[in-house]
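Residue-level structure breakdown
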Amino acid sequence: VVNLERDLFNLRVELARLTDNDDFLRADFEGPLTTEMCDSGGGGEGADAVRAKIAKKEKDLAIERRSVFRGWLKNVFLFQALLSAVLSYVMATSPATLFGRFDWYNNVANMDTSITVLG
């Protein structure tokens, strides 16, 4: 993804040079660099070839961004969400099912004062 974004940046700067977009080349822009910012029209066959390369790279970048989040990472996030939902339900309804076997849960007298103050 990073290499595609770098290639797109370089191609857009080249397009700005080919289409004589001097305003873009001198401007300090903020935010993402788009093809529309760089393209002032014209430029001949060289600019058309760069526009075609930019379109292909943008399509490849969109595919890469979608495919990165499809595999095992998505499954990890789904598992974490499911686990946190189940644990939150148990902690909100009856935390004794998880912690009732431990002495420190049932005996408040041996807790530190700073923890007892919290409730």
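In what follows, the accompanying structure is described. (Residues numbered from 1 in each chain as written. Predicted model: local features only at pLDDT ≥ 70, side-chain atom pairs only at ≥ 80, totals over all residues. Heavy atoms only, no water.)

Quick word on the overall build of the protein chain
- Looking only at helices and strands, one finds eight helices and zero strands in the protein chain.
- The order of helices and strands in the protein chain, counted from the N terminus, is α-α-α-α-α-α-α-α.
- Of the contacts formed within the protein chain by residues at least 6 apart in sequence, a portion of 45% connects residues at least 24 apart.
- Of the roughly 9,100 Å² of accessible surface on the protein chain, a fraction of 59% belongs to carbon and sulfur atoms. (Helix = DSSP H or I, 4+ residues; strand = E, 2+ residues; numbered from the N terminus. Contact = heavy atoms within 4.5 Å. Areas by Shrake-Rupley, 256 points an atom, 1.4 Å probe, with all protein chains shown as cover.)

Some words on helix α1 (residues 2–18)
- An ideal rise of 1.5 Å per residue puts 24 Å on 17 residues; α1 measures up with 24 Å between its terminal C-alpha atoms.
- Taken as a whole, α1 has its buried residues at Leu-4, Leu-8, Leu-11, Arg-12, Val-13, Leu-15 and Ala-16.
- The positive-phi residue at the C-terminal boundary of α1 is Asp-20, with phi of around 55°. (Expected span 1.5 Å × (residues − 1). Buried < 20%, exposed > 50% of the residue type's maximum accessible area, 1.4 Å probe, protein only.)

Here's the deal with a nonpolar patch on the surface
- On the surface, Phe-79, Leu-83, Leu-87, Met-91 and Leu-98 cluster together into a nonpolar patch covering about 450 Å² of accessible area.
- Top contributing element to the nonpolar patch by residue count: helix α5 (residues 72–93), with four residues.
- Looking at the secondary structure, you find Phe-79 in helix α5. (Patch = residues over 30% accessible without salt bridge, like charges linked within 9 Å, V, L, I, M, F, W, Y side chains within 5 Å. Salt bridge = Lys/Arg side-chain N within 4 Å of Asp/Glu carboxyl O.)

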